[in-house]
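# Examining the three-dimensional arrangement
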Amino acid sequence: MPPIYGLADWPGPVMIGDWGWENGRLVTVGIAHGDPTGDGPAVQVATTVHDPGTAVASLRMASAEAARHEDDALRRHHEADVAPSGQVDLLVDSAPVRFELWKEGDRWWAATAYAGYGLVVEARRTAVGPLALVRV
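Residues numbered from 1 in each chain as written. Predicted model: local features only at pLDDT ≥ 70, side-chain atom pairs only at ≥ 80, totals over all residues. Heavy atoms only, no water.

Moving on, we get to the overall build of the protein. Assigned secondary structure in the protein consists of two helices and 10 strands. Listed N to C, the secondary structure of the protein is β-β-β-β-β-α-α-β-β-β-β-β in terms of helices and strands. Each of the 136 residues in the protein was classed as buried or not, and the buried ones make up 40%. In the protein, of all internal contacts separated by at least 6 residues, the share reaching a separation of at least 24 is 48%. For the protein, the computed accessible surface area is about 7600 Å², with 53% contributed by carbon and sulfur atoms. (Helix = DSSP H or I, 4+ residues; strand = E, 2+ residues; numbered from the N terminus. Buried < 20%, exposed > 50% of the residue type's maximum accessible area, 1.4 Å probe, protein only. Contact = heavy atoms within 4.5 Å. Areas by Shrake-Rupley, 256 points an atom, 1.4 Å probe, with all protein chains shown as cover.)

Shown next, in the form of structure tokens:
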């Protein structure tokens, strides 16, 4: 099972985030922080056995509006799979770790390989960095 990470000192609600299984094996675990209704700040931290950049592309596709037709869907797929727009250092278990960063409107995603797993942060209405992640 991938290790579980969450935000240190988050003042709001914390709940189980996205979890995923493949062939009966747990491959992704997540902890969600913040407002589940979509109106306030929220951060989800997920650990996966998969490539963290691919996980971000999937999350970006899921956050996009529904495509109106096939050409629009293909365009959105290519946009979601773009290179990161920058980098950000986040603390993981009190040590700085470099993450690749994607930004879009009031949302951002960060991903890195860490301790043999992919570590992904998805945030909305929250400033990019400085976040501190801790193993739960």
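Once the structure has been displayed, the description carries forward.
Considering only enclosed or pocket space, the largest pocket measures out at about 240 Å³ in volume. If you trace the largest pocket, you find it lined by Asp-18, Thr-28, Gln-44, Ala-46, Thr-47, Thr-48, His-50, Thr-54, Ala-55, Ser-58, Leu-59 and Val-120. Those elements that place two or more of their residues in the lining of the largest pocket are strand 5 (42-48) and helix 1 (52-63). Estimates place the volume of the second largest pocket at around 190 Å³. What lines the second largest pocket is a set of 13 residues, among which Ala-32, Ala-42, Val-43, Gln-44 and Arg-124 lie closest to the centre. Breaking the lining of the second largest pocket down by element, the ones donating at least two residues are strand 4 (25-34), strand 5 and strand 9 (117-124). Here the lining of the second largest pocket is built from residues that sort into six nonpolar, three polar and four charged. (1 Å grid on protein atoms, 1.4 Å probe; cavity = no way out; pocket = protein on both sides within 12 Å on 5 of 7 lines; lining within 4 Å. Points joined across faces, edges and corners; volume = space filled by probe spheres on them. Nonpolar A, V, L, I, M, F, W, Y, C, P; charged D, E, K, R; others polar.)

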